[in-house]
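# Coordinate inspection notes
Chain by chain, the residues:
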Amino acid sequence: MREGHEGTGPGAVTPDGCAVELYARLPAGDEPDIIAAAVPAGAHILELGSGVGRMTHPLLERGFTVTAVDESADMLARIRGARTIRSTIESLDLGEKFDVVMLASFLVHTGDEEVRGGMLRTCARHVAEGGCVLIQREGPDYHTDVPRERTDPSGFTIRIASVEPAGKGVNSVRAEYVFPDAVWTQTFLARPLTKERFESVLAEAGLEADTYLTPDGMWVRAVPTA
Ligand SMILES: C[S@@+](CC[C@H](N)C(=O)[O-])C[C@H]1O[C@@H](n2cnc3c(N)ncnc32)[C@H](O)[C@@H]1O
């Protein structure tokens, strides 16, 4: 387990505290539609931190080709219909370029700035000329509107139970996922990034924000710096 990260609940847990069985249950929501609207039909997408394929599978159904990368073999074992690669994101160097590179699930808020820089350089290294990088950022009140919870229509509750300073600009976030028959928790380190700071860390990796795809600014289309 990575320092500052912890996961509890049934089944295997990844080094960053994510539970495989939990992610196999979570619905995809509207994210595949946001992605599909932002990229060319039939694009080859390099999905970084794919987990069990919560987004991979709906993207395959929409006619995209997906190469899914995750450091967890337990997560990747659940993926069907996509090429899977077990690797840390920051060390990935496939020697290939993709129409679209996707870094979702707030991975850009990784606490370790070296790892974050490595992840963004991986995005830049793998995007084809004329292609784009899709990044999912935290919403504006992510670290301050706490505690908060949402009950999904399918019958479970997601709660951000606490956000505590953990030093050096990083917060320790505790999330709880309550299902009728099981409860999972994840504690993880997240670094808040203002829009300005987000854009400067993109620039350090040779990327620039091209379009904020959603009104809340959470989904961003970035391109290599000209
Ligand atoms: C919060 S889960 C989200 C999974 C998927 N994107 C989704 O939306 O369902 C984060 C995933 O990223 C993976 N991950 C986190 N840090 C990673 C890293 N540095 N390199 C590779 N995989 C990583 C974890 O193993 C986990 O499967």
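Residues numbered from 1 in each chain as written. Predicted model: local features only at pLDDT ≥ 70, side-chain atom pairs only at ≥ 80, totals over all residues. Heavy atoms only, no water.

Looking at an unreviewed UniProt entry, one finds the chain named SAM-dependent methyltransferase and attributed to Streptomyces echinatus.

This brings us to the packing of aromatic side chains. Applying the stated criterion to the full structure yields three aromatic pairs. Ring centres of F179 and W184 lie 5.6 Å apart, and the angle between their planes is 90 degrees; on these two criteria the pair is classed as edge-to-face. Of the residues examined, F179 reaches a relative accessible area of 11% and is grouped as buried. Overall, W184 belongs to the buried group, its relative accessible area being 1%. Within the aromatic cluster, the residues linked to one another by ring pairs are F156, F179 and W184. Taking NZ or CZ as reference, R25 lies 4.9 Å from the ring centre of F179, over its face. Note that R148 overlies the ring of Y142, its terminal NZ or CZ placed 4.8 Å from the centroid. (Phe/Tyr/Trp six-rings, centres within 6.5 Å; stacked < 30°, edge-to-face > 60°. Buried < 20%, exposed > 50% of the residue type's maximum accessible area, 1.4 Å probe, protein only. Lys NZ or Arg CZ within 6 Å of the ring centre and 35° of its normal.)

Ranked by internal contacts, the top residues of the largest apolar core, which has 26 residues, are L48, V101, L103, L120, V133 and I135. Residue contributions to this core peak at four residues, all from helix α5 (residues 113–126). Dropping the residues within four chain positions of it, L48 is found in contact with V69, I89, L92, V101, M102, L103, A104, L107, T122 and C123. (Core = buried A, V, L, I, M, F, W, Y, C linked by side-chain atoms within 4.5 Å. Helix = DSSP H or I, 4+ residues; strand = E, 2+ residues; numbered from the N terminus. Contact = heavy atoms within 4.5 Å.)

Among all positions of helix α6 (residues 195–204), only F198, V201 and L202 are buried. Take α6 and look down its axis: the buried residues cluster within an arc of 105 degrees, on one side only. Turned more than 90 degrees from where α6 packs its buried face, E196 and E204 sit exposed. Taken together, the buried residues of α6 touch α5, β6 (127–136), β11 (207–212) and β12 (219–224). (Arc of directions from axis to C-beta.)

On to the sheet that holds β6, then. Spatial ordering of the open sheet is given by β4-β3-β2-β5-β6-β12-β11, a layout of seven strands whose pairing is mixed. Two strands close off the open sheet at either side, each with one partner strand: β4 (83–86) and β11. Pairs of neighbouring strands in the sheet enclose a mean axial angle of 25 degrees, with direction left out of account. Relative to β12, β6 runs antiparallel, the two sharing four bridges. Across the sheet, the residue bridging to V133 is A222, located in β12. Along the sheet face, helix α2 (residues 31–38) touches β2 (44–48), β5 (98–103), β6 and β12 and points at about 35 degrees away from the line of β12. In the packing of α6 onto the sheet, contacts are made with β6, β11 and β12, and the angle to β11 comes to roughly 135 degrees. (Pairing = 2+ DSSP bridges. Axes fitted to C-alpha atoms, helices over the stretch in contact; angles between N-to-C directions.)

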